[in-house]
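# Descriptive analysis of the structure
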Amino acid sequence: MRKMDVVCQQLVLSKSLLTLCDSGYRMATRSLSSVRARNPLPWYRTRLDIKNGDRKPRFTPQDSKVSILRNPGVVNVTNQTREKLCELVAQNVVYSKGPLVAVNKPQGLSVSGIPEEVSLSSLLPELQQHLGIRSATPLHVVKAAPKESSGLVLLSSCHTTSKHIEEFYAKCRKSQTPVVTFCAVTVGIPSPIEGDVNVALTIEQIGEHKLVVPVTHPTKGSLERREVKNTETHYKVLDSADSCALVQLQPMSVFQSQLLVHMTWKLCKVLGDHTYSARVGKVLGEPIYVPVDIAVPQTQVLEEKILRKMHFTQQQMHRMPLHLHLHQLLVPNHDEQKGSMLLTAPPPPFFLRTIELLGLTMKEPLLSSQNLLALPKTESSSSSQN
């Protein structure tokens, strides 16, 4: 009888514990549902907006334990309608004067794209109407960030102005003056902390993929036939912490995926690069360059300590956006006597959130004065509108 009493007591206790656990689970589920409420604001105007001159993002204690996927979130342009995308771009105008308009595009929005996908170019007629630009010349793209990255896109409604800007950029190329400045979060710190990457690039078919690959000893004939192109990027580490870095990148040439490939050449990988980051591996804790024929595109793999800092898991890494942002663009003034001006687009909130989680500090990576000696005096033009 005593054994039966003990068994009955155990059954009663087990049932009580199960009831308690079920109650706790329901409470936790309700709490998570409230936390997951979506932010209705566009990516550029979220709780990270600057207020009262304070340039540091503001987070609550609860926010500090949330990944960029939930707070502040990442815009998925493939889930947006044409109307929503047009509205999103219109909300993120950072410069407007005369025929020129500069917008801060979200990561993932292509500039030209394929016919069946919505691209920025396909939205320009609606955007021109939305912005109230009355011009016989359609709004067109002059300079733009690549699809995979966020950042500045320069638009014009005057072909004469566009031609003037293109001539200005041609002069800058001849004088080796950078006109675009990107900022990137890298896994790995370039060494030395400032320098140039000079390597020839070409496009090769590797398995099922057409990829950009470095060519260490290009022949004169391949360069003349334009099968291979000499490329250059100036880089500077703005801040670093625990094997991660905030890097300023100024491409001195133009080639597909140049910045991503150049960073892997420096044994670093841009955070969120799921195409070329497999080229950087480690042996006995030291970074090595993996041969391009076996470093096929795959979801980026991060060390556990970095994942913990970002409140990420490796299973979520396919959702990690590319942390590459076209931050600044040099453009000429219509009046040449006034010199040139520098347009600036703030990085998206998820970018700012990442650098905070990784213990990095964001400062304005302005073009250095020595790089502008060949140009007339510059004037800052960040987020000005007329």
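First, a word on scope: everything that follows refers to the structure included in this document. (Residues numbered from 1 in each chain as written. Predicted model: local features only at pLDDT ≥ 70, side-chain atom pairs only at ≥ 80, totals over all residues. Heavy atoms only, no water.)

## Details of the overall build of the chain
What counts here: Secondary structure counts use DSSP, requiring at least four H or I residues in a row for a helix and at least two E residues in a row for a strand, with both numbered from the N terminus. A simple rule labels every residue: compare its accessible area, found with a 1.4 Å probe on the protein chains alone, to the largest value its type can have, and call it buried under 20%, exposed over 50%, or partly exposed in between. We call two residues in contact whenever any of their non-hydrogen atoms come within 4.5 Å of each other. The Shrake-Rupley method, run with a 1.4 Å probe, gives the accessible areas here. Residue values count only the displayed protein chains as cover.
A count of helices and strands for the chain gives eight helices and 15 strands. Per-residue burial over the chain gives 45% buried out of 386 residues. Sequence-distant contacts, at least 24 apart, represent 68% of the contacts inside the chain between residues at least 6 apart. When the accessible surface of the chain is summed, it comes to about 21400 Å², and 54% of that surface belongs to carbon and sulfur atoms.

## With respect to unusual backbone geometry
In the segment running from asparagine 71 into proline 72, the intervening peptide bond is cis, with an omega of 10 degrees. Inspection of the secondary structure puts proline 72 in the loop between helix H1 (2-35) and helix H2 (82-91). Put simply, serine 191 and proline 192 share a cis peptide bond, and its omega is 0 degrees. One can find proline 192 in the loop between strand E5 (180-187) and strand E6 (194-206).

## A word on the side chain of glutamine 107
Here is the rule: Any N or O atom pair separated by 3.5 Å or less is treated as a polar contact, with the protein-specific requirement of one donor-capable and one acceptor-capable atom, and with residues adjacent in sequence counted only for side-chain atom pairs.
In this structure, glutamine 107 sits in the loop between strand E2 (100-105) and helix H3 (120-130). Taking relative accessible area as the criterion, glutamine 107 reaches 19% and is therefore assigned buried. Of note is the side chain of glutamine 107, whose polar atom sits 3.3 Å from the backbone oxygen of glutamate 148. In this structure glutamine 107 touches Val74, Val75, Val77, Lys147, Glu148, Ser149, Ser150, Pro321 and Leu322, once residues within four positions along its chain are discounted.

## Observations regarding the environment of histidine 130
Along the polypeptide, histidine 130 turns up in helix H3. Once the C-alpha coordinates of histidine 130 and cysteine 86 are considered, the two residues, 44 residues apart in sequence, prove to be 8.1 Å apart. If near-sequence neighbours (up to four positions away) are discounted, histidine 130 is found in contact with Cys86 and Ala90.

## Comments concerning the pattern of salt bridges
Using the following cut-off: Salt bridge, as used here: a side-chain nitrogen of Lys or Arg that lies within 4 Å of a carboxyl oxygen of Asp or Glu.
One pass over the full model with this rule turns up six salt bridges. A salt bridge links aspartate 242 to lysine 309, with the nearest nitrogen and oxygen atoms 2.5 Å apart. One end of the pair, aspartate 242, is in the loop between strand E8 (229-241) and strand E9 (244-251); the other, lysine 309, is in helix H7 (residues 304-309), and 67 residues separate them in sequence. Salt-bridge contacts for arginine 353 lead to glutamate 356; the nearest nitrogen and oxygen are separated by 2.9 Å. You can see arginine 353 and its partner glutamate 356 sitting in helix H8 (residues 349-357), three residues apart, about one turn around the helix. A relative accessible area of 38% places glutamate 356 in the partly exposed class.

## Observations regarding H2
Of the residues making up H2, those classed as buried are Leu85, Cys86, Leu88, Val89 and Ala90. Residues of H2 that are buried in the fold lie against strand E1 (93-97), E2 and H3.

## Some points on the pairing of E5
The following threshold applies: Strands pair, by our definition, only if DSSP identifies at least two bridges between them.
Counting buried positions along E5 yields eight of eight residues, so the element is predominantly enclosed. Residues Val180, Phe182, Ala184 and Thr186 line one face of E5 and the alternating positions Thr181, Cys183, Val185 and Val187 line the opposite face, and both faces are buried. Strand direction decides the pairing type here: E5 and strand E13 (residues 324-332), joined by five bridges, are antiparallel. Paired with phenylalanine 182 across the bridge in E13 is leucine 326. Judged from the six bridges that link them, E5 and E9 form a sheet pairing that is antiparallel. Paired with threonine 186 across the strands is alanine 245, a residue of E9. Bridge count between E5 and strand E10 (residues 269-270): two bridges; the pairing is antiparallel. For valine 187, the partnering residue across the bridge sits in E10 and is lysine 269.

## Observations regarding the nonpolar core
Keep this limit in mind: Think of a nonpolar core as a cluster: buried Ala, Val, Leu, Ile, Met, Phe, Trp, Tyr and Cys residues, connected wherever their side-chain atoms sit within 4.5 Å.
Grouped together as the largest cluster of nonpolar side chains are 46 residues, with contacts concentrated most on Leu152, Leu154, Tyr169, Leu249 and Leu324. In terms of residue count, E13 provides more of this core than any other element does, five residues in total. Ignoring sequence-local partners within four residues, the contact set of leucine 249 consists of Val180, Thr181, Phe182, Ala184, Thr233, His234, Tyr235, Leu259, Met263 and Leu324. Ranked by size, the runner-up nonpolar core spans 22 residues in total, among them Val185, Ala241, Cys244 and Leu358.

## Here we look at the packing of H2 against H3
Definition in use: To get an axis, fit a line to the C-alpha atoms, keeping to the stretch in contact for a helix; angles then go from 0 to 180 degrees between the N-to-C directions. Working definition: roughly parallel below 35 degrees, roughly antiparallel above 145 degrees, roughly perpendicular at 65 to 115 degrees, and oblique for all remaining angles. Helix crossings fall into two classes, left-handed where the near helix is turned counterclockwise from the far one by less than a right angle and right-handed where it is turned clockwise. Residue polarity follows a fixed list, in which Ala, Val, Leu, Ile, Met, Phe, Trp, Tyr, Cys and Pro are nonpolar, Asp, Glu, Lys and Arg are charged, and the others, Gly among them, are polar.
Two elements in contact, H2 and H3, have axes whose closest approach is 9 Å; the angle formed by their N-to-C orientations is 70 degrees. With respect to H3, the axis of H2 lies roughly perpendicular. The two elements H2 and H3 cross, and the hand of that crossing is right-handed. Taken together, the residues of H3 that come into contact with H2 (itself represented by Arg82, Leu85, Cys86, Val89 and Ala90) are Leu120, Ser122, Leu123, Glu126, Leu127 and His130. Looking at the contact of H2 with H3 residue by residue, the classes come out as seven nonpolar, two polar and two charged.

Taken by themselves, the reported measurements are silent on function.
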